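Survey of secondary and tertiary structure
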Amino acid sequence: AAGDTRHVWPSPDLHASSTAAGEVVDVAVIGAGIGGLTAAALLADAGLRVEVFEQHEVPGGFAHTWLRRARACDPENGASLAFRFDAGVHDVSGWHPGGTVRSVFERLGIAHEDEWVRLDHRYVFDGRAIDVPRDWRAWVERLAAEFPHEAAGLRALFADIHAIHEAMFSTAAERGGIPGTPGTPQALLAFARRHPLAVTWLDRPWQDLVAHHLRDSAVQAWVCALAGYLSDDITRLRVRDFVPLFGYYFNGGYYPLGGSGLIAQRLVEAIEARGGRVHLRTAVTRIVTAQGTATGVVVRRRNGPEQTVRARAVVTNADLRQSLTRLLPQDDAPPEARIAEAHLQASCSAIGVNLAVKGTLDMPPVVHVADASGAVSIVIPSRVDPGCAPAGYSTVELLALMRPDEAHTWFADASTDGNLTEDHDHRAYRRSAPYLARKQAAGDRLIALARLAIPDLEQRILFRTDASPLTFQRYAWTSGGGIYGTRSDGMIPTKSAVRNLVVAGAATHGPGIEAVVISGAFAAEALVPGLLARTAA
């Protein structure tokens, strides 16, 4: 009932009058990823003075959009051709009525600014192509028809998953839409009585639950098809990690018309409407501490001098490994912080290919392809959002996960192990012939796989851009070019070992917009206990 007790320190009095000389903000937030922006917006909504510092020129982290103009013009009318791409986020869970993301946006008054559309999926596995029905029960029956020898197991497994999913989100309504563990012994016992299946399975390996119902490994692969939304290594995932993914089947995944950058844009607007500020092109170079307590940050605006921003508390949405090694003063860091850093690892990275293609594509906007040679996720935003591409053209985005050890090899010729250095973008190396050839070859492999779903893809390509682990590190400042935050052997607590320093982002609650929104809400509540329930009431 006491929750994670590794780092127990009293929450600061953020509403107290300042007795120190000089300007002091209530909370400084490092990084304008969705987790940091969520924390900042909720804290600003609670009446606190919040300032966010982001090294990139746009907010959102992996949830931002970017434009490219083709060199060629439309052959019909000679018009220039511009295309909009998403940096990484497309398929957002938790937007259904009562969902986590939607509840936070409604709370902040920004839920009705944009139109969100539900995305449909197709799987192309080992020669089978199956479209996923929007009713999850119909999806179970579709799989049962494909694999009749496992029909009973499929029905039983999905029933268990649905029950566990309902249990995991059962506390959300009383916490402003944010699910969480009951905080008293009585509430925990009541939860266990209502949800015995969840209590039995939540902390057990995901593969154990699947194997409990299914024996055929081929059928298991279909059930675990969304694993790439979380990790490159399914053996690391517990039931509590994987079950929320089934929200895509139970409630749907959504995309905001206008691109994923709108998610960050609306949160920035909410922060600034409440008196907070979001500083772009402003890197945090150090977390200021005194006697093991965070007291501010040192920031440097692009091409400008360093400045110290004094704060009563700090939220870090930056790569946690970088926060604990590069930003935190080692001479004032508690021993627990150094121990935590030793257990952190970079998450998987990826190869990405963004394509502008001729013609439209008559298929679902999300297609997952796999065969013996590998796997690739295909997203076609222009299928649901005409603003992505001119009429008669499409945007196609390909992504394949890469193990951390393989991602490490992309940095070998750059004389770095994937950690940030003074030369963050490795400009000379990125322009070298060996690197460019390797990146193109990796992209070629993804395009070849995507042909299983789009046979004439290569003939349609108008232009392409490729991304490697080096690309992700360059723009997101993540260790090893990781795209899913920092991982550890166990759960990473929201409260760090440094007093008044809390963590938001994928490190604490896993990847995905819904998960990092939850992480930001937890970070806000760690600094203002009861914030979620009090506002919800």
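Residues numbered from 1 in each chain as written. Predicted model: local features only at pLDDT ≥ 70, side-chain atom pairs only at ≥ 80, totals over all residues. Heavy atoms only, no water.

1. Some points on the pattern of salt bridges
Oppositely charged side chains are able to pair whenever their charged atoms sit close together. Rules: Whenever a carboxyl oxygen of Asp or Glu lies within 4 Å of a side-chain nitrogen of Lys or Arg, that contact is scored as a salt bridge. Secondary structure elements are taken from DSSP: a helix is a run of H or I of four residues or more, a strand is a run of E of two residues or more, and numbering for both begins at the N terminus. Exposed residues in this analysis have more than 50% of their type's maximum accessible area, buried residues have under 20%, and partly exposed residues fall in between, with area computed by a 1.4 Å probe over protein chains only.
According to the stated counting rule, one finds 26 salt bridges in the structure shown. Here R277 makes a salt bridge to E51, at a shortest N to O gap of 2.7 Å. Taken together, the positions of R277 in strand β9 (residues 277-279) and E51 in strand β2 (residues 50-53) put the pair 226 residues apart, joining distant regions of the chain. By relative accessible area, which is 4% here, E51 ends up buried. Among the ionic pairs, R134 bridges to D120, the shortest N-O distance being 2.8 Å.

2. Some remarks on the side chain of S103
Rules: Here a polar contact is recorded for every N or O atom pair within 3.5 Å, except that within protein the pair must consist of a potential hydrogen donor and a potential acceptor, and residues adjacent in sequence are included only if both atoms are side-chain atoms. Any two residues whose heavy atoms approach within 4.5 Å are treated as being in contact.
Relative to the elements of secondary structure, S103 occurs in helix α2 (residues 100-107). Take S103: its relative accessible area is 14%, and that puts it in the buried class. Here G99 takes part through its backbone oxygen, which lies 2.7 Å from a polar atom of the side chain of S103. Once residues within four sequence positions are removed from consideration, S103 is found in contact with G98, G176 and G177.

3. Considering the environment of L436
When you line up the elements, L436 lands in helix α16 (residues 433-450). The class for L436 is partly exposed, based on a relative accessible area of 40%. In this structure the C-alpha to C-alpha distance between L436 and G296, which are 140 residues apart in sequence, comes to 41 Å. Aside from chain neighbours lying at most four places away, what touches L436 is R430 and R431.

4. Some remarks on empty space enclosed by the protein
Test applied: Cavities and pockets are defined on a 1 Å grid built over the protein atoms alone: a cavity is a set of grid points where a 1.4 Å probe fits but cannot escape, while a pocket is an open set with protein on both sides within 12 Å along at least five of seven lines, and lining residues are those with an atom within 4 Å of any such point. Grid points are joined across faces, edges and corners, and a volume is the space filled by probe spheres set on the points. Under the scheme applied here, ten amino acids are nonpolar (Ala, Val, Leu, Ile, Met, Phe, Trp, Tyr, Cys and Pro), four are charged (Asp, Glu, Lys and Arg), and all others, including Gly, are polar.
Within this structure, the stated rule accounts for 1 cavity of 30 Å³ or more. Of the pockets and cavities examined, the largest cavity occupies roughly 100 Å³. Every residue lining the largest cavity is listed: R118, L119, D120, H121, V132, P133, R134, Y248, Y249, G252 and G253. Mapped onto the lining of the largest cavity, the elements with two or more residues apiece are β5 (116-119) and α10 (247-250). Residues that form the lining of the largest cavity fall into these classes: 5 nonpolar, 3 polar and 3 charged.

5. Here we look at the nonpolar core
Heads up, the rule is: By nonpolar core is meant a set of buried Ala, Val, Leu, Ile, Met, Phe, Trp, Tyr and Cys residues that side-chain atoms within 4.5 Å join together.
Grouped together as the largest cluster of nonpolar side chains are 53 residues, with contacts concentrated most on V27, L43, V315 and L527. Every element with two or more residues in this core is listed here: β1 (24-30), α1 (34-45), β2, α2, α11 (261-273), β12 (306-316), α20 (513-527) and α21 (531-536). Considering each element in turn, this core owes the most residues, 9 residues, to α20. Ignoring sequence-local partners within four residues, the contact set of L527 consists of W9, S11, P12, L14, V27, L43, A313, V315 and V502. Ranked by size, the runner-up nonpolar core spans 48 residues in total, among them F125, V219, W222 and Y249.

6. Regarding unusual backbone geometry
You will see that Q291, though not glycine, has its phi angle at about 55 degrees, which is positive. Structurally, the position occupied by Q291 is in the loop between β10 (282-290) and β11 (293-301). Of note, N500 is a non-glycine position whose phi angle comes to about 70 degrees, a positive value. Following the sequence through the fold, N500 ends up in the loop between β19 (486-487) and β20 (501-503). On the basis of relative accessibility, which here comes to 8%, the residue N500 falls in the buried class.

7. Side note on the pairing of strand β16 (residues 374-379)
Going by this rule: Strand pairing follows a simple DSSP-based rule, namely that at least 2 bridges must link the two strands.
Note that strand β15 (residues 366-371) and β16 share 6 bridges and pair antiparallel. Across the sheet, the residue bridging to D371 is G374, located in β16. Following β15, the chain reverses through 2 residues before pairing antiparallel with β16. Across 3 bridges, the pairing between β16 and strand β17 (residues 393-402) is antiparallel. Each bridged residue has a counterpart across the sheet, and for S377 the counterpart in β17 is L399.

8. Section: the packing of aromatic side chains
To describe a pair of aromatic rings, one takes the distance between the centres and the angle between the planes. Under the convention used in this document: Whether two aromatic rings pair depends on their centres lying within 6.5 Å, for rings of Phe, Tyr and Trp, where Trp uses its six-membered ring; planes under 30 degrees apart make the pair stacked, over 60 edge-to-face, and the rest tilted. To sit over a ring, a charge needs its Lys NZ or Arg CZ within 6 Å of the ring centre and within 35 degrees of the ring normal.
Taken as a whole, this structure holds 24 aromatic pairs when the rule is applied. Plain terms: the ring middles of W206 and F242 are 4.2 Å apart, the flat faces sit at 0 degrees to each other, and that makes the pair stacked. With W206 in helix α7 (residues 206-213) and F242 in helix α9 (residues 239-242), this pair connects stretches of sequence that are 36 residues apart. For W206, a relative accessible area of 0% gives the class buried. For the ring pair Y229 and Y248, a centre distance of 5.2 Å and an interplane angle of 85 degrees mean the geometry is edge-to-face. Of this pair, Y229 sits in the loop between α8 (217-223) and α9 while Y248 sits in helix α10; the two residues are 19 residues apart in sequence, bridging distant segments of the chain. Note on Y248: relative accessible area 11%, which makes it buried. Cluster of aromatic residues (ring-pair linked, three or more members): Y123, F125, W136, W139, F147, F158, W206, W222, F242, F246, Y249 and F250. Just above the ring of W201 sits the side chain of R204; from NZ or CZ to the centre is 4.0 Å. Over the ring of W410 we find R438, and its NZ or CZ is 4.1 Å from the ring centre.

9. Some thoughts on α20
Filter applied, for reference: What a helix is expected to span follows from its residue count: subtract one and scale by 1.5 Å.
Spanning 15 residues, α20 covers 22 Å between terminal C-alpha atoms, matching the ideal 21 Å at 1.5 Å per step. In terms of residue burial, α20 counts as a mostly covered element, since 14 of its 15 residues are buried.

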